[in-house]
Amino acid sequence: MVERLSAEPQLLETLQVYLELRQHRKAVACKLNVHPNTLDNRLQRIETVLGGRFDNVSWLAMLDAALRLRRHGT
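Bear in mind that the values here come from a model prediction, so they are computed numbers and not experimental data.

Caption draft 1: Spotlight on helix α3 (residues 36-50). Spanning 15 residues, α3 covers 21 Å between terminal C-alpha atoms, matching the ideal 21 Å at 1.5 Å per step. Residues of α3 that are buried in the fold lie against α1 (9-20), α2 (25-32) and α4 (57-71). Following α3 by one or two positions, G51 has its phi on the positive side, about 70 degrees.

Pasting the structure below:
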């Protein structure tokens, strides 16, 4: 699922930090050292590429699980 973001590494990093910091946009923008508008654009792009919505809790859970599996090489 998240492999679709491999071509755009900044999106993959954004998604990882977004989930790691529990969707706190201000903290995510700060950690990534980007403007909040840039973060919003990246999050919209992630939704478009992956075909989901961040307001969907089950989709967020799937993303989190997919990233964990990817980190552990499974």
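Caption draft 2: Fine view of the side chain of R42. Its location among the elements puts R42 in helix α3. Among buried Asp, Glu, Lys and Arg side chains, R42 stands out as unpaired, with E13 the closest opposite charge at 5.2 Å. Excluding residues within four positions of it along the chain, R42 makes contact with Q10, L11, T14, L32 and V34.

Caption draft 3: Fine view of the nonpolar core. Residues L5, L15, I46, L50, F54 and L63 are the most contacted members of the largest nonpolar core, which totals 23 residues. At the level of elements, α1, α2, α3 and α4 are the ones that each hand at least two residues to this core. Of all the elements, α1 adds the most residues to this core, at six residues. Residues contacting L15, with those up to four places away along its chain left out, are V2, L5, I46, L50, F54, L63 and L67.

Criteria and cut-off values
- Residues numbered from 1 in each chain as written.
- Predicted model: local features only at pLDDT ≥ 70, side-chain atom pairs only at ≥ 80, totals over all residues.
- Heavy atoms only, no water.
- Helix = DSSP H or I, 4+ residues; strand = E, 2+ residues; numbered from the N terminus.
- Expected span 1.5 Å × (residues − 1).
- Contact = heavy atoms within 4.5 Å.
- Buried < 20%, exposed > 50% of the residue type's maximum accessible area, 1.4 Å probe, protein only.
- Lys, Arg positive; Asp, Glu negative; His and termini not counted.
- Salt bridge = Lys/Arg side-chain N within 4 Å of Asp/Glu carboxyl O.
- Core = buried A, V, L, I, M, F, W, Y, C linked by side-chain atoms within 4.5 Å.

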